[in-house]
Amino acid sequence: MLSVTDLRKTYSGGEEALRGVSLDVGGNETVAVIGPSGAGKSTFISCINRLTEPTDGQVELDGVDILRLSGKDLRNARRDMGMIFQEFNLVERLTVMENVLSGRLGYVSTWNAFRRKFSGDDVERAYEVLDRVGLAGHENDRADELSGGQRQRVGIARAVVQRPKILLVDEPTSSLDPETSRAVMDLLTTIAAEDEIPVLINIHEVNLAIEYADRIVGLRDGEKVFEGPPEELDEAA
Ligand code: ADP
Ligand code: ADP
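Fair warning: this is a prediction, and the values are worked out from it, not measured in the lab. (Residues numbered from 1 in each chain as written. Chains lettered and ligands numbered in written order. Predicted model: local features only at pLDDT ≥ 70, side-chain atom pairs only at ≥ 80, totals over all residues. Heavy atoms only, no water.)

A. Seen up close, the sheet that holds strand E10 (residues 223-228). Taken in spatial order, the six strands line up as E6-E7-E8-E3-E9-E10 in an open sheet, and their pairing is mixed. The open sheet has two edge strands, strand E6 (81-84) and E10, and neither has a second partner. Averaged over all pairs of adjacent strands, the angle between strand axes in this sheet comes to 20°, irrespective of strand direction. Alignment of strand E3 (residues 30-34) against strand E8 (residues 199-202), held across four bridges, turns out to be parallel. (Pairing = 2+ DSSP bridges. Helix = DSSP H or I, 4+ residues; strand = E, 2+ residues; numbered from the N terminus. Axes fitted to C-alpha atoms, helices over the stretch in contact; angles between N-to-C directions.)

And the structure:
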């Protein structure tokens, strides 16, 4: 269970991107965060995994106080949070398999350092996950040879291969056409359900949030302005 309490972020320029946002995500649910550009959606996710340092508040993942961690403990905690990004964030010159395995490290060093780190179990799990995202047979393709939809499938595989406690997903479809977006959302929510991983997802397409989320959170100017099931958002709109 992810439990965020009164999260605040003021950037050094004085921009109050988050003004005290609280949210719990657990069980097997998909929670979508919607809101206009600049509402604070990206900041919210990046403060949870501490790619951005929040100014104040509390973040707990299965009882672990994320904001107190540093060094190795923080790296381990980040491994419990599977990240999926808007621009996929693949290493272009590496293969599909190398990209997926790099999720277990949280970063990519040299291929030799890399090989020493992985057991047969890691590789077996990576093959299994790549099969489930429809990329069996593409393990040795270079990331920069893939289509956008395929790249995001690699992103999904890289995030779930490490058996995270939660998936943090930032605008996964904004670089994709509508048809590919839907395919990616189908795949993401199916795999999360099968592996019983809760999902916190930023998405600006409200129709996709309504279709795929169990709960919707509306952000505006760094504040939560709505929280409820998709049906209630339909009625409010
Ligand atoms: P969203 O993801 O909803 O578009 P963001 O979290 O990206 O919103 O941005 C929230 C606010 O914080 C915006 O006003 C944005 O300009 C500002 N912001 C985002 N990142 C930074 C940064 N690194 N430095 C300063 N201001 C930032
Ligand atoms: P994203 O597409 O992830 O929302 P943006 O295009 O908003 O990212 O921002 C790109 C980069 O610029 C990010 O590192 C973000 O943190 C930073 N940034 C965004 N808004 C501002 C801002 N108002 N001032 C300074 N940096 C910002």
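B. Here's a closer look at the sheet that holds strand E5 (residues 64-65). The four strands are arranged E2-E1-E4-E5 in an open sheet whose pairing can be described as antiparallel. This sheet does not close on itself; its edge strands, each paired only once, are strand E2 (16-25) and E5. Pairing geometry for strand E1 (residues 2-10) and E2, over seven bridges, is antiparallel. Note that in E2 the partner of Leu 2 across the bridge is Val 25. Contacts from helix H1 (residues 41-48) reach E1, E2 and strand E4 (56-61) within the one sheet, and its direction differs from that of E1 by about 120°. (Contact = heavy atoms within 4.5 Å.)

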